[in-house]
Amino acid sequence: MQNIHHFQSAKLDSRKITLLTCYDYSFARILADSAIDAVLVGDSAATVVHGYEYTTHATLDMMVMHTRAVAKGLNQKKFLIADMPFLSYRKSLDHSLNAVEALIQAGAHAIKLEGVRGNEDLIQHIVGSGVPVMGHLGLTPQHIHALGGFKIQGREKILQKQLLADAKSLEALGAFSIVLECIPASLAQTISKTLTIPTIGIGAGQHTDGQILVLHDLLGLSTFNAKFVKEFMEGKSLCLDAVNRYTSEVIQNIYPNEAFSYE
Ligand code: KIV
């Protein structure tokens, strides 16, 4: 299994770090046997698996349930990060640490949380308690209503400065890596060059230290079609084809034949 030292050494050796999201046991078993470095139980579970419009609908119970299932499927073969859901780290230190504890007990090795301003003490406390923290800057979907929609962040000079400062501050607070979501490639490059901890991009171009994608987007199983998403498989049509072949064989009494029946 990879760990946070792998993240650091990969950056030092200029080796790309690969991550995917995962939400359930069956896919986790596949990822366990794959070449991927690490897995994130993203709060995108709320949109991808539960059909909500925003990740703000993810709850701690939801994240714990998915983390437990993924941890079982990975069977300690991959480093597992779990997202702290919306507002679970904005109420009080006690409340936040209970959320961290629940995710770690469910099988996560690290947690991810969005933004840095107002989270400084908390991040330091979590890191100081022995739990690796991954940051998340740029398009932070838990702030979707404040950001005014899903759009590229950091096009303006002032926001670019702010994002660079936030990234530096996450590094200083002890984060082991930072997800950069939907920012211009040149800004992601500057941040990645400036930091000593690795950056993991999604919609942030090719100059970050690693990449993450939502598993269902990569497999062609989702309806999300942002510019940065590349479908590596036509999952939806493959699934439809299998379901329709099954339906047709049942109707024609081809399946199940003797080979699939008990005497
Ligand atoms: O929830 C999620 O899937 C994420 C990734 C997109 C980074 O945070």
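Report follows, based on the coordinates. (Residues numbered from 1 in each chain as written. Predicted model: local features only at pLDDT ≥ 70, side-chain atom pairs only at ≥ 80, totals over all residues. Heavy atoms only, no water.)

Take the pairing of strand E5 (residues 133–138) next. Of all six residues making up E5, six are buried, and the element is well covered by its neighbours. Looking at chain direction, strand E4 (residues 110–112) and E5 are connected through two bridges and run parallel. Following the sheet pairing, Ile111 is matched in E5 by Val133. As for the winding sense of the linkage, the β-α-β connection from E4 through helix H6 (residues 120–128) to E5 is right-handed. For E5 and strand E6 (residues 177–181), the ladder comprises five bridges, and the chain directions are parallel. Bridge pairing in E6 places Met134 opposite Ser177. (Buried < 20%, exposed > 50% of the residue type's maximum accessible area, 1.4 Å probe, protein only. Helix = DSSP H or I, 4+ residues; strand = E, 2+ residues; numbered from the N terminus. Pairing = 2+ DSSP bridges. Right-handed = clockwise from strand over helix to strand, strands pointing away.)

This paragraph deals with the layout of surface pockets. The calculated volume of the largest pocket comes to roughly 900 Å³. In this structure, the largest pocket is lined by 43 residues; those nearest its centre are Glu181, Ile202, Asp217, Phe224 and Phe228. Elements that contribute at least two residues to the lining of the largest pocket include exactly helix H3 (45–48), E6 and helix H10 (215–218). Each residue belonging to the lining of the largest pocket can be placed in one class, and the counts come to 21 nonpolar, 12 polar and 10 charged. Empty space within the second largest pocket amounts to approximately 470 Å³. Lining the second largest pocket are 23 residues, with Gly115, Gly138, Thr140, His143 and Asp166 positioned closest to its centre. Residue assignment for the lining of the second largest pocket shows that the elements contributing at least two residues are E5, helix H7 (144–147) and helix H8 (157–173). (1 Å grid on protein atoms, 1.4 Å probe; cavity = no way out; pocket = protein on both sides within 12 Å on 5 of 7 lines; lining within 4 Å. Points joined across faces, edges and corners; volume = space filled by probe spheres on them. Nonpolar A, V, L, I, M, F, W, Y, C, P; charged D, E, K, R; others polar.)

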